[in-house]
Amino acid sequence: MGQFDRTLEFIDQLQHAGTAAAVCEKLLGITSDFGLTALMAGTVPQPGTPAGQQKQHVLLCDWPVEWLERYVARNYVDHDPVVSHMKQLQAPFQWREASQGARFDKSSGEVMGDAGAFKLRDGLAFPLITLDGQIVMVSLGGEAVELSAAEFGLVSLVSTYAVGRAMQLHTMANKTIDHIVLTPRERECLQWAAVGKSEWEISQILGISEHTSEKHLLNAKSKLGAVNRVQAVAEAIRRGYIS
């Protein structure tokens, strides 16, 4: 089975999850094969937010309970290098990249050291911007994380879809999905982007200029309310434009 076929199979599993908790369980069932055994997704509280209010920002959580309690009690969100890195980037990254950043200091080291004590030594994280403009921080962690480039893309896409699915389940009872119309070219460009093709490669496949392929992808991202290619592809799959 090819990587894209595996991705579609995983997304189908997530689509059939009926609750946010079920989505979380199924996602970790997929990512644990790559060493990612814990998940946290939520909005980032303003600096100085009281500990008692920070948990209200959590949307999905399968984090070690003691680690979550320590994280909140010590206000680690204000010093977490992974959170800081997510605020600066739009694309998925591994925790180790944040740990190597220029702003990594003693407080950051304490956060990562404590995380390691709870078998969260590395992970994958990314910010997700929802259709209504809300920013959700998503972080998956584990003790021994090994991801090839292809696996990194698979996990990023499936995780993006999972969080979107969980949020959809929270609101679908009283909110309908807006109808979005993608042009045939926008669909084609997204289809090729889903299998990892660059704008230049897409232009060669479709016989159009690189600028035109880039324009189609930008239009599709805008229509889908996505901030990057990964989110656009995940949203297109969720809406049935890519199968």
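Look up a bit, the structure's there.
Every value quoted in this text rests on a predicted model; they were computed, and no experiment measured them.

S.K.: Would you mind going over the state of the cysteines with me for this structure?
M.R.: Here a disulfide denotes a covalent bond joining the sulfur atom of one cysteine to the sulfur atom of another. All told, the structure shown has zero disulfides when counted by the stated rule. Distance from the sulfur of C61, which forms no disulfide, to the nearest cysteine sulfur (C24) is 7.4 Å. By relative accessible area, C61 is classed as partly exposed at 33%.

S.K.: Looking at this structure, how should I read the layout of surface pockets?
M.R.: Using a probe with the size of a water molecule, rolled over the atoms, empty space left in the structure can be pinpointed. What the second largest pocket holds in volume is close to 390 Å³. For the second largest pocket, the lining is made up of 20 residues, of which G153, A193, A194, V195 and G196 are closest to its centre. Those elements giving two or more residues to the lining of the second largest pocket turn out to be α1 (3-15), α8 (149-171), α9 (184-194) and α12 (229-238). The greatest single-element share of the lining of the second largest pocket, amounting to seven residues, is contributed by α8.

S.K.: Hey, could you run me through the sheet that holds strand β5 (residues 135-142) in this one?
M.R.: Backbone hydrogen bonds are what pair the strands of a sheet, in a parallel or an antiparallel way. Spatially, five strands are ordered β2-β1-β5-β4-β3 in an open sheet, and the strand pairing comes out antiparallel. Single-partner strands in this sheet number two, and they are β2 (58-62) and β3 (93-94). The pairing of strand β4 (residues 122-129) with β5 spans eight bridges and is classified as antiparallel. Residue pairing across strands places P127 opposite M137, the latter belonging to β5. Helix α2 (residues 20-31) rests against β1 (38-42), β2 and β5 of the sheet, and its axis sits at about 45° to β2.

S.K.: Help me understand the environment of C61 in this model?
M.R.: Looking at the element boundaries, C61 is found in strand β2. The sequence separation of C61 and A20 amounts to 41 residues, and the corresponding C-alpha distance is 9.8 Å. With residues up to four places along the chain from it excluded, the contact list for C61 reads C24, L39, M40 and L68.

S.K.: Which parts of the structure should I look at to understand the pattern of salt bridges?
M.R.: For side chains of opposite charge, pairing can occur when their charged atoms come near one another. Tallied over the full model, the rule gives nine salt bridges. Salt-bridge contacts for R74 lead to E110; the nearest nitrogen and oxygen are separated by 3.8 Å. Here E110 lies in helix α7 (residues 106-117) and R74 lies in the loop between α4 (65-73) and α5 (81-88), a separation of 36 residues in the sequence. Note that R74 and D114 form a salt bridge whose closest N and O atoms lie 3.1 Å from each other. With R74 in the loop between α4 and α5 and D114 in helix α7, the pair connects residues that are 40 residues apart, well separated along the chain. With relative accessibility at 45%, the residue R74 sits in the partly exposed group.

S.K.: When you look at the packing of α4 against α7 in this model, what are you seeing that I'm missing?
M.R.: At a minimum axis distance of 10 Å, the contact between α4 and α7 shows a crossing angle of 165°. In terms of orientation, α4 and α7 fall into the roughly antiparallel class. Every pair of crossing elements has a handedness; the one defined by α4 and α7 is right-handed. Counting all contacts with α4, which are made through W67, R70 and Y71, the residues of α7 involved are V111, D114 and A115. Considered class by class, the residues forming the contact of α4 with α7 number four nonpolar, no polar and two charged.

S.K.: How do you make sense of a nonpolar patch on the surface when you look at a structure like this?
M.R.: A cluster of nonpolar side chains, contributed by W192, V195 and I205, occupies part of the molecular surface with about 230 Å² of accessible area. Of note, W192 is situated in helix α9.

S.K.: I tried to follow empty space enclosed by the protein on my own but got confused; where do I start?
M.R.: Evaluated as defined, the whole model comprises two cavities of 30 Å³ or more. The volume enclosed by the largest cavity comes to roughly 410 Å³. Around the largest cavity, the lining is made up of 27 residues, and of these M40, Y71, V77, D80 and V83 lie nearest the centre. Counting residues per element, the ones that place at least two in the lining of the largest cavity are β1, α4, α5, α7 and β5. With four residues, the top contributor of residues to the lining of the largest cavity is α4. For the lining of the largest cavity, the class distribution of residues is 21 nonpolar, five polar and one charged. Reported here for the second largest cavity is a volume of approximately 40 Å³. Lining the second largest cavity are P92, F126, P127, L128, T160, N228, V230 and Q231. Looking at the lining of the second largest cavity, the elements with two or more residues in it are β4 and α12.

About the thresholds
Each chain has its residues counted from 1, following the order in which its sequence is written. Residue-level local features of this predicted model are given only where pLDDT is at least 70; pairs of side-chain atoms are given and counted only at 80 or more, and the full residue set underlies all totals for whole chains, interfaces and linings. Only heavy atoms go into the side-chain values, all of them from the structure, while hydrogens and water stay out. The disulfide criterion used throughout: a pair of cysteine sulfur atoms within 2.5 Å. Think of it in three bands: with a 1.4 Å probe and only protein chains considered, a residue is buried below 20% of the maximum accessible area for its type, exposed above 50%, and partly exposed in between. Definitions used throughout: a 1 Å grid over protein atoms alone; a cavity as a set of points that fits a 1.4 Å probe which cannot get out; a pocket as an open set with protein on both sides within 12 Å along at least five of seven lines; a lining residue as one with an atom within 4 Å of a point. Grid points are joined across faces, edges and corners, and a volume is the space filled by probe spheres set on the points. In this description a helix means any DSSP run of H or I spanning at least four residues, a strand means any run of E spanning at least two, and both kinds are numbered starting from the N terminus. Two strands are counted as paired when DSSP detects at least two bridges linking them. Note on definitions: a residue-residue contact is assigned when non-hydrogen atoms from the two residues lie within 4.5 Å. What counts as an axis is a line fitted to C-alpha atoms, over the stretch in contact for a helix, and the angles between N-to-C directions run from 0 to 180 degrees. Each salt bridge in this description consists of a side-chain nitrogen of Lys or Arg and a carboxyl oxygen of Asp or Glu lying within 4 Å of one another. Should an angle fall under 35 degrees it is called roughly parallel, over 145 degrees roughly antiparallel, and 65 to 115 degrees roughly perpendicular, with every other angle called oblique. Left-handed describes a crossing whose near helix is turned anticlockwise from the far helix by less than a right angle; the clockwise case is right-handed. Residues were grouped as follows: Ala, Val, Leu, Ile, Met, Phe, Trp, Tyr, Cys and Pro as nonpolar; Asp, Glu, Lys and Arg as charged; and all remaining residues, including Gly, as polar. Only residues whose relative accessible area exceeds 30% and that form no salt bridge enter a patch; like-charged residues are grouped when within 9 Å of one another, and nonpolar side chains (Val, Leu, Ile, Met, Phe, Trp, Tyr) when within 5 Å. Note on areas: Shrake-Rupley, 1.4 Å probe, and residue coverage restricted to the protein chains presented here.

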